[in-house]
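Residue-level listing of the chains:
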Amino acid sequence: MSAAVCPADVVSESSMSALDRPRYSVVAPVYNEEALVAEFCRRTVAMLEALGEPFEVVLVNDGSRDRSPIIMRELHDADPRIKVLHFSKNFGHQLAITAGIDHARGDAVVVIDSDLQDPPEVIPELIAKWQEGYQVVYATRAERVGETWFKRTTASLFYRTIAQITNVDIPVDTGDFRLMDRKVVNALTSMREHHRFMRGLSAWVGFKQAGVPYKRDARKAGETKYPLRKMLRFALDGITSFSYLPLQLATYTGFVIAAIAFLFLTAVVVLRLVMPNTQDPAFFGQASTLVSVLFLGGVQLIFLGIIGEYLGRIYDEVKRRPLYIVSEAMGFDEQQ
Ligand code: UDP
Ligand code: MG
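Residues numbered from 1 in each chain as written. Chains lettered and ligands numbered in written order. Predicted model: local features only at pLDDT ≥ 70, side-chain atom pairs only at ≥ 80, totals over all residues. Heavy atoms only, no water.

A.B. asks: Mind showing me how you'd approach the overall build of the protein here?
C.D. replies: Along the protein, the regular secondary structure elements total eleven helices and eight strands. Counting across all 336 residues of the protein, residues that qualify as buried make up 45%. Just so you have it, the protein exposes about 17,500 Å², and 62% of that area is on carbon and sulfur atoms. Computed over 37 positive and 39 negative side-chain charges, the separation of the two mean positions in the protein equals 5 Å. (Helix = DSSP H or I, 4+ residues; strand = E, 2+ residues; numbered from the N terminus. Buried < 20%, exposed > 50% of the residue type's maximum accessible area, 1.4 Å probe, protein only. Areas by Shrake-Rupley, 256 points an atom, 1.4 Å probe, with all protein chains shown as cover. Lys, Arg positive; Asp, Glu negative; His and termini not counted. Charge placed at Lys NZ, Arg CZ, Asp CG, Glu CD.)

A.B. asks: What exactly am I supposed to notice about empty space enclosed by the protein here?
C.D. replies: Leftover empty space is mapped by rolling, across the atoms, a probe with the size of a water molecule. Scanning the model with the defined rule gives one cavity of 30 Å³ or more in all. There is about 40 Å³ of room inside the largest cavity. For the largest cavity, the full set of lining residues is Ile97, Ile101, Val111, Asp176, Arg178, Met180, Leu188, Met198, Arg199 and Ser202. Taken together, the elements giving at least two residues each to the lining of the largest cavity come down to helix 3 (93-103), strand 6 (174-181) and helix 7 (198-204). (1 Å grid on protein atoms, 1.4 Å probe; cavity = no way out; pocket = protein on both sides within 12 Å on 5 of 7 lines; lining within 4 Å. Points joined across faces, edges and corners; volume = space filled by probe spheres on them.)

A.B. asks: Just checking my understanding: could you explain the site of ligand 1 for this structure?
C.D. replies: If you check the shell around ligand 1, you find 19 residues, and the closest are Asp62, Asp115, Gln117, Thr224 and Lys225. Arg219 is positioned with one of its side-chain polar atoms (N or O) 2.9 Å from an oxygen atom of ligand 1. Computed on the free molecule, ligand 1 has an accessible area of 530 Å², of which 96% lies beneath the protein chains in the complex. Tallied by class, residues from the shell around ligand 1 come to four nonpolar, six polar and nine charged. (Near = heavy atom within 4 Å. Polar contact = N/O pair within 3.5 Å; in protein donor to acceptor, adjacent residues only side chain to side chain. Nonpolar A, V, L, I, M, F, W, Y, C, P; charged D, E, K, R; others polar.)

A.B. asks: Would you mind showing me how to read the nonpolar core here?
C.D. replies: Nonpolar side chains in soluble globular proteins generally cluster together in the buried interior. Val60, Phe87, Ile101, Ile170, Met180, Leu188 and Phe197 are the most contacted members of the largest nonpolar core, which totals 39 residues. When residues of this core are assigned to their parent elements, the largest contribution, five residues, is made by helix 3. The contacts of Ile101, once residues within four sequence positions are left out, are Val27, Val111, Met180, Val185, Leu188, Thr189 and Met198. Grouped together as the second largest cluster of nonpolar side chains are 35 residues, Leu36, Leu75, Leu116 and Ile123 included. (Core = buried A, V, L, I, M, F, W, Y, C linked by side-chain atoms within 4.5 Å. Contact = heavy atoms within 4.5 Å.)

A.B. asks: Sorry if this is basic, but what is going on with the coordination of the magnesium ion (ligand 2) here?
C.D. replies: The reference angle at a metal is 109.5 degrees if four donors form a tetrahedron and 90 or 180 degrees if six donors form an octahedron. Around the magnesium ion (ligand 2), the protein contributes the donor atoms Asp115 (OD) and Gln117 (OE1), at 1.9 Å from the metal centre. On the accessibility criterion, Gln117 (7% relative accessible area) is buried. (Donors = N, O, S within 2.8 Å, 3.2 Å for Na, K, Ca; no water.)

A.B. asks: Please explain the packing of aromatic side chains as it appears in this structure.
C.D. replies: Within a pair of aromatic rings, the relevant descriptors are the distance that separates the centres and the angle that separates the planes. Inspection of the entire model under this criterion finds ten aromatic pairs. Taking the centre distance of 5.3 Å and the plane angle of 85° together, the rings of Phe87 and Phe91 count as edge-to-face. Accessibility assignment for this pair places Phe87 and Phe91 in one class, buried. Taken together, a centroid distance of 5.7 Å and an interplanar angle of 55° make the contact between Tyr226 and Phe234 tilted. Here the basic side chain of Lys208 rests over the ring of Tyr134, its NZ or CZ set 5.0 Å away from the ring centre. Cation over ring: Lys230 sits above Tyr226, and NZ or CZ is 5.9 Å from the ring centre. (Phe/Tyr/Trp six-rings, centres within 6.5 Å; stacked < 30°, edge-to-face > 60°. Lys NZ or Arg CZ within 6 Å of the ring centre and 35° of its normal.)

A.B. asks: Explain the confidence of the model for the protein to me, please; I cannot follow it from the model alone.
C.D. replies: A low pLDDT score tells you not to read the predicted coordinates there in detail. Per-residue confidence for the protein gives a mean pLDDT of 88, with 91% of residues at or over 70. Considering only residues more than four positions removed or in separate chains, one finds that residues 1-16, a stretch of pLDDT under 50, has 29 contacts. (pLDDT = per-residue confidence, 0-100.)

A.B. asks: Sorry, what's going on with the packing of helix 8 (residues 228-242) against helix 11 (residues 286-319) here?
C.D. replies: How two helices sit against one another is set out by the angle between their axes and by the gap between those axes. It is the contact of helix 8 with helix 11, at a shortest axis distance of 11 Å, that shows an interaxial angle of 80°. Compared by their axis directions, helix 8 and helix 11 come out roughly perpendicular. Along the contact surface, helix 8 presents Arg233, Leu236, Asp237, Ile239 and Thr240, while helix 11 presents Glu309, Tyr310 and Arg313. (Axes fitted to C-alpha atoms, helices over the stretch in contact; angles between N-to-C directions. Parallel < 35°, antiparallel > 145°, perpendicular 65-115°, else oblique.)

A.B. asks: Hey, could you run me through helix 11 in this one?
C.D. replies: Every α-helix winds through 3.6 residues per turn, so residues three or four apart in the chain are directed the same way. Taking 1.5 Å as the rise per residue, helix 11 with 34 residues should run 50 Å; its terminal C-alpha atoms sit 48 Å apart, in good agreement. Those residues of helix 11 not exposed but buried are Val299, Phe303, Ile306, Tyr310 and Arg313. Buried residues along helix 11 sit in contact with helix 8 and helix 9 (245-274). Count one or two residues on from helix 11 and you reach Arg320, which has phi positive near 55°. (Expected span 1.5 Å × (residues − 1).)

A.B. asks: How do you make sense of the pairing of strand 4 (residues 108-111) when you look at a structure like this?
C.D. replies: Both faces of the sheet carry side chains from a regular strand, because those side chains alternate between them. Residues Ala108 and Val110 of strand 4 are buried on one face, and the alternating residues Val109 and Val111, pointing to the opposite face, are buried as well. Where strand 4 and strand 6 come together, four bridges link them in antiparallel fashion. What sits directly across from Val109, in strand 6, is Met180. (Pairing = 2+ DSSP bridges.)

A.B. asks: Explanation requested: the pairing of strand 6 in the structure shown.
C.D. replies: With eight of eight residues buried, strand 6 lies mostly within the body of the structure. As paired elements, strand 5 (residues 136-144) and strand 6 share four bridges and run antiparallel to each other. The residue of strand 6 that forms the bridge with Val136 is Met180.

A.B. asks: Is there a simple way to explain the pattern of salt bridges in this structure?
C.D. replies: Oppositely charged side chains are able to pair whenever their charged atoms sit close together. Summed over all chains, the structure comprises 24 salt bridges. Across the pair Arg219 and Glu33 runs a salt bridge whose closest N-O atoms are separated by 2.9 Å. Here the residue Arg219 occupies a position in the loop between strand 7 (209-216) and helix 8, and Glu33 occupies one in the loop between strand 1 (24-30) and helix 1 (37-51), the gap between them amounting to 186 residues. Residue Arg81 pairs with Asp79 through a salt bridge whose shortest N-O separation is 3.0 Å. With a relative accessible area of 29%, Arg81 lands in the partly exposed category. Within this structure, Arg21, Arg23, Glu53 and Asp107 form a network of salt bridges that share partners. (Salt bridge = Lys/Arg side-chain N within 4 Å of Asp/Glu carboxyl O.)

Listed below in structure tokens is the structure:
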């Protein structure tokens, strides 16, 4: 339980002035990653130190129930450049990233998974592109190691579908691993929608974007926190955030069914006129009535469900609840 985090935080770093603002911020969501978070920090800090500029690592504990909060506290105590936000419960990956970005102060902010699937050693390549003048540098999965055939196929299908049906250029095979310039981060922090599909939002804001291919490693330990149910929810968030197509499908389907019904009607009338005594069961039997009623009922329920998906999201927006609740922040100065 995250109750292991006690409020007696005795870190005595002086509050940071605007002068020692970090150049780079690395934001990583952490949910039950006790086996990996320390190793992640070690590799990330080593990589950042080699760059020779001030930096911060912002870990967001998304309501972990294992030992990760304790380990994160120790990491922060040992190195105040590692800052930690503890959520009051599990709010989800996308909101953990959001909180990290909201609190990051660097000129360039990198979002990366803490399970070491995204190697921190790729970050200097992202930075090099940023220095060339690109403001969003996303890392594209050229290769995925150690993931199931099912995960790779559904992910690939999802990225291609979303690229087809949205009017935003969301790059394919690209997760949340990316570098964003301060201007992009400011734009993102101004967008407070609840069902957040961050990789879509960071494409939507525009700016100069570039991709860097990388090899996505296998998870080093623990298991994926995205079971099928969560993956579907995530896919729905992505689609509903950036496309009305599912809603418009009702109209198109309606037209198609109406056209078929009209042809059918014409056929029935003609048949009646030509062969007044016909008893063809395909046209007049009970089965055909039942089939068409059930079919239409099914189609209507599906579209009601789709409308429900959008309506539920609108409801979440109008409630205007905070996106996340931080129960403890370690290492951030008062302004935040
Ligand atoms: N994560 C999180 N909250 C969640 C689920 C995941 O903060 O509710 C973090 C997790 O610790 C990891 C990252 O998000 O750093 C990606 O999750 P995961 O590796 O399980 O997803 P996958 O790589 O399998 O798609
Ligand atoms: Mg992972």
